[in-house]
Amino acid sequence: MTRHGPPNEPTPPTVAVLGLGAMGLPMALRLSTELPVWAFDISAERRELAVSGGAVGAGSPALACRTADVVVLAVRDEAQLRAALFGDDGAIDTLRPGAVVVLTSTVGPEAAKTVAAALAERQIDLVDAPVSGGPVRAGTGDLLIMVGATDRALARGRRVLDLLASSVHVVGPHPGDGQTMKTVNQLLCGIHTAAAAEALALARALGLDLDTVVEVLGSGAAASFMLADRGPRMARAYTGDVELRSRLDVISKDMHIVGRVASAAGVPTPVAAAATQLYTLAMRQGMAAEDDSKVVTLLAPEDGTAGSERSDPPTGGAGR
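Anyway, here's the lowdown on the structure attached to this text. These figures come from a predicted structure and were not determined experimentally.

### So, the overall build of the protein
In terms of helices and strands, the protein carries 12 helices and nine strands. Its C-alpha atoms give the protein a radius of gyration of 22 Å, near enough to 20 Å, the size a compact globule of 320 residues would have. Principal-axis analysis of the C-alpha atoms gives the protein an extent of 80 × 45 × 35 Å. Across the 320 residues that make up the protein, the buried fraction comes to 47%. Accessible area for the protein stands at about 15200 Å²; split by element, carbon and sulfur atoms hold 54% of it. Charged side chains of the protein number 28 positive and 35 negative; the gap between the two group centres comes to 4 Å.

### Side note on the packing of aromatic side chains
The tally for this structure, following the rule as stated, stands at zero aromatic pairs. In this structure, R204 packs its charged tip against the face of Y238, placed 3.9 Å from the ring centre.

### Quick word on the pattern of salt bridges
Scanning all chains against the criterion turns up 16 salt bridges. Residues D249 and R76 are paired through a salt bridge, measuring 3.8 Å at the closest nitrogen-oxygen approach. Of this pair, D249 sits in helix α11 (residues 248-265) while R76 is found in the loop between β4 (70-73) and α4 (78-86), placing the two residues 173 residues apart along the sequence. Taking the relative accessible area as the measure of exposure, D249 reaches 14% and is therefore buried. Given the relative accessible area of 32%, R76 is considered partly exposed. Its salt-bridge partner being R245, residue D229 comes within 3.3 Å of it at the nearest N-O pair. You can see D229 sitting in helix α10 (residues 225-235) and its partner R245 sitting in the loop between α10 and α11, a full 16 residues away along the chain. For D229, a relative accessible area of 15% puts it in the buried group.

### Examining the nonpolar core
Judged by nonpolar contacts, the single largest core of 32 residues is most densely connected at V15, L31, V127 and I145. Contributing elements (two or more residues each) for this core: β1 (15-18), α1 (24-31), β2 (37-40), β4, β5 (100-103), β8 (143-148) and α7 (151-164). In terms of residues, this core owes the most to one element, α7, which gives six residues. Not counting residues within four places of it along the chain, the set of residues in contact with L31 comprises V15, V17, V37, V72, V160, L163 and L164. The next biggest cluster of nonpolar side chains, apart from the first, holds 28 residues, and it includes V75, V101, L103 and A111.

### Here's the deal with unusual backbone geometry
Backbone geometry at D89 places phi at a positive 55°, although glycine is not the residue there. Among the secondary structure elements, D89 is positioned in the loop between α4 and β5. The class for D89 is partly exposed, based on a relative accessible area of 48%. With a phi angle near 60°, Q123 is a residue other than glycine that sits in the positive phi range. On the secondary structure map, Q123 appears in the loop between α5 (109-120) and β6 (125-128).

### Some thoughts on a nonpolar patch on the surface
Residues V171, M181 and V184 make up a contiguous nonpolar surface patch of roughly 230 Å² in combined accessible area. If you trace the backbone, M181 turns up in helix α8 (residues 177-205).

### Thoughts on the packing of helix α9 (residues 210-217) against α10
Remark: α9 packs on α10, axes separated minimally by 9 Å, with the N-to-C direction vectors making an angle of 170°. For the element pair α9 / α10, the angle class is roughly antiparallel. Touching L210, D211, V214 and L217 of α9 are L227, G231, P232, M234 and A235, all from α10.

### Quick look at the pairing of β6
Of the two faces of β6, both are covered, the one formed by D125 and V127 as well as the one formed by L126 and D128. The pairing of β5 with β6 spans four bridges and is classified as parallel. Bridged to V100 within β6 is D125. Assessed by its sense of winding, the connection that carries the chain from β5 through α5 to β6 is right-handed.

### Structural notes on the pairing of β5
Each regular strand carries side chains that alternate between the two faces of the sheet. Of the two faces of β5, both are covered, the one formed by V100 and V102 as well as the one formed by V101 and L103. Summarising the sheet, β4 and β5 pair through four bridges and their orientation is parallel. Paired with V72 across the two strands is V102, which belongs to β5. Taken together, β4, α4 and β5 form a β-α-β motif whose crossover is right-handed.

### A closer look at the packing of α8 against α10
Taken N-terminus to C-terminus, the directions of α8 and α10 make an angle of 40°; their axes are 9 Å apart at the nearest point. In terms of their interaxial angle, α8 and α10 are classed as oblique. The handedness of the crossing between α8 and α10 is right-handed. Along its contact with α8, which presents C189, H192, T193, A196, A197 and L200, the element α10 presents M226, L227, R230, G231 and M234. The residue makeup of the contact of α8 with α10, split by class, is seven nonpolar, three polar and one charged.

How each quantity is defined
Residues numbered from 1 in each chain as written. Predicted model: local features only at pLDDT ≥ 70, side-chain atom pairs only at ≥ 80, totals over all residues. Heavy atoms only, no water. Helix = DSSP H or I, 4+ residues; strand = E, 2+ residues; numbered from the N terminus. Rg over C-alpha atoms; globule rule 2.2 N^0.38 Å. Buried < 20%, exposed > 50% of the residue type's maximum accessible area, 1.4 Å probe, protein only. Areas by Shrake-Rupley, 256 points an atom, 1.4 Å probe, with all protein chains shown as cover. Lys, Arg positive; Asp, Glu negative; His and termini not counted. Charge placed at Lys NZ, Arg CZ, Asp CG, Glu CD. Phe/Tyr/Trp six-rings, centres within 6.5 Å; stacked < 30°, edge-to-face > 60°. Lys NZ or Arg CZ within 6 Å of the ring centre and 35° of its normal. Salt bridge = Lys/Arg side-chain N within 4 Å of Asp/Glu carboxyl O. Core = buried A, V, L, I, M, F, W, Y, C linked by side-chain atoms within 4.5 Å. Contact = heavy atoms within 4.5 Å. Patch = residues over 30% accessible without salt bridge, like charges linked within 9 Å, V, L, I, M, F, W, Y side chains within 5 Å. Axes fitted to C-alpha atoms, helices over the stretch in contact; angles between N-to-C directions. Parallel < 35°, antiparallel > 145°, perpendicular 65-115°, else oblique. Pairing = 2+ DSSP bridges. Right-handed = clockwise from strand over helix to strand, strands pointing away. Left-handed = near helix turned anticlockwise from the far one by under 90°. Nonpolar A, V, L, I, M, F, W, Y, C, P; charged D, E, K, R; others polar.

Structure (structure tokens):
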């Protein structure tokens, strides 16, 4: 494999990206513009997409990590995290002492701590670095990354973090600190997505044009990142023409992490709990693999006819 970078610079780290889903693939493609990247996913199609973008495909985590200095984990949940690292043909079989694992997935503070301890036994550091921003920003290196790591681990993973993020916030010195910050982040993201769904469902029932609603709401005090990002897809949800960019089972998983962490801290989160119930309902309706914007279809009437029942305002009153 050809090494990247000017000849006078230190040899760039070799990177293995494990997990090529909605976030992992654009991250792998972004990293491969400047670093040598090996890429693994259980889907051969996703591996082929990574290869077409400049990475080298690998048939297992162990193969991907044979020469890796930095391993980027972009998996869906804790079970996939443990399988990628410690399962059959897992990364731990070939990772060398001194390597660093960058955990970009949202798995919760306790999972990050236990995985960090297991890696430390092999002299491998963990950078707890959950990301926020979505696939488009992942592909352009514009993510927000919340980091919990020692100075040594952070130094080893810094080149990768800087390529992926426009904003790297070190929120604490220990693995688990990044996950804790991401839990707070996801509380708001989950609530904002559910709130956007409720608002657009109401707008649909009242007969409003949803594209106009998204534009107007995005111009005022009701604006939020999640409305701007999910709103246009929610407006198209009933046509079925919705790009899969953020799976519903992921936001459901994240909100259950929020619930567990909040409960352990003794902090009531009733609004988050209500949003979690909406995602749980969507999961029960078989929507796990759908884009999370389609949660709006659980709330709005199929034909949007409620708007036809609106009565005209009374005449003769003073205008407001």
